[in-house]
Each structure stands twice: as C-alpha cells, then as structure tokens.
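# A look at the structure
Letter by letter, the chains look like this.
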Amino acid sequence: MAAPRTTKVRLRPSKGRRASSSRWLERHINDRFVQGARAAGFRSRAAYKLLEIDTRFQILRPGRRVIDLGSAPGGWAQVVAGRGCRVVGIDLQAIEPIEGASLLQGDIFDPAAIAHLLEVAGGPAELLLSDLAAAAIGQRAVDRLRADALAEAVLDLLPELLRPGGDLVLKLLRGAEAGIVADARRQFARVRLIRPDASRTGSSEIYLVGSRYRPAAP
C-alpha cells in the first residue's frame, strides 16, 4: 500500500491548551499516516508500519497462525486479518472487536494468560508480532533499559509462543538493541532491522525481523 498524502490542518489558539500541546496536536493531525489510517479505516497509524514490513519481508501469508502481542488498539490485527491470516491479539487494555481476529485482554507475562492465548490460537504461532512498548518516563537511558528488558522478556517467551521455523517481528529502541540482536541471531536463521517510514519523526523505534526460528535443544 502506498504511503498516504497529507492534507494540511492548522489549529486555532486555545486558552486552555499549552503551546507545546498545540504543536504536538497539530503535528499529529497533519501526520500523513494518521490521516491515511483514518481514511483507510485503520485504528492506528501503526498499521502502515506492519504493511511496510510485510512489503519488505512477505511475512503475512494467508492461513498463517499469528499471535499479536500489545495488540491495542488493533491496527496490526486489522492488517493481519485482512491478509487472510488467523490472528489472536492480546493486550492489557480491552480491544474493540475486529472481524476475523480473536482479541484477548490479559498480561502476556502471566502464565494463565499464555495458556489461554495458546488455547485460543490453537498452538504456537507461525508468526509472532510484538509492538509492546515499555512505559516511558522521558529519560533516554532509563527508557532504553526498560525497552531492552521488555524485548528480552518477549524473547524468553519464544519457546512457548513460536513454533520452529516461525518468524518474529519485535519492536526495539535504537541504542538498546545490540544485546537483543545478538540473542536473536542465536535463535533465528536470519535477523534484519527496519525503521518503517511510518515511525514518527524523532522516534528511536526500530523493528527486528527474525526469520526461521531455531529453538535451542532442551
């Protein structure tokens, strides 16, 4: 899908809104991916990130069993279901229904939630998506450490959630990715990094794409 075009909008000054908030809101409204998502019926601009990743790596093949971690508000699940995959999404937040997707509310690091997720999915995924993001506090070093710990926790779930030969898409923050990439390379036949065009200007997010999972021998 081609990147959407922008229709420029300017906000009028508001007494109840800070100048910095007004600038952020104006950038958000004028963001071509926000506008495109609204026009296309996607729940978030993040849909375009996954579309670009799929264009590069052809991960969304019809019939694949897909597990989507951090699924709310559902932009990725919409894309996955639209490509004919069987998708189960999970998030701490409740997610409004999406045709063709099974959506669960729960903590993916809770063993009971994992068991329920696998039951609904029918077993480990052929493609595991993680757009999980750690809560940011605005201190770059701390935020990167949190992102690193979260990504490591997702990798620790691979033996349960991803079948051998499966693929992974995992959100990272640049500057905290070296150890994660090294770990992933021990578990996948090929590992590549991509920063989608739909990532916000100034964001340090990147995505790791691991192909052909090779779990360690027990």
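This text goes with the structure placed above it.
Residues numbered from 1 in each chain as written. Predicted model: local features only at pLDDT ≥ 70, side-chain atom pairs only at ≥ 80, totals over all residues. Heavy atoms only, no water.

### Thoughts on the sheet that holds strand β2 (residues 86-91)
Taken together, the seven strands give an open sheet; going across it, the order is β3-β2-β1-β4-β5-β7-β6, and neighbouring strands pair in mixed fashion. The two strands at the open ends of the sheet, each matched to only one other strand, are β3 (101-105) and β6 (188-194). Averaged over all pairs of adjacent strands, the angle between their axes in this sheet comes to 15°, without regard to strand direction. (Pairing = 2+ DSSP bridges. Helix = DSSP H or I, 4+ residues; strand = E, 2+ residues; numbered from the N terminus. Axes fitted to C-alpha atoms, helices over the stretch in contact; angles between N-to-C directions.)

### A closer look at helix α8 (residues 178-185)
When we look at burial in α8, the residues that qualify are I180, V181, D183 and A184. For α8, the angular spread of the buried residues around the axis is 165°, confining them to a single face. Facing away from the buried side of α8 by more than 90 degrees, the exposed set consists of A178 and R185. Taken together, the buried residues of α8 touch α6 (140-156), β5 (162-173), β6 and β7 (205-213). (Buried < 20%, exposed > 50% of the residue type's maximum accessible area, 1.4 Å probe, protein only. Arc of directions from axis to C-beta. Contact = heavy atoms within 4.5 Å.)

### Observations concerning the environment of K171
Residue placement: K171 occurs in strand β5. Residue classification places K171 among the buried positions, given a relative accessible area of 17%. A C-alpha to C-alpha distance of 9.5 Å links K171 and L150, two positions 21 residues apart in sequence. Only 3.3 Å separates the side chain of K171 from the side chain of D131, close enough to count as a polar contact. Separated by 3.5 Å, the side chains of K171 and E205 make a polar contact. (Polar contact = N/O pair within 3.5 Å; in protein donor to acceptor, adjacent residues only side chain to side chain.)

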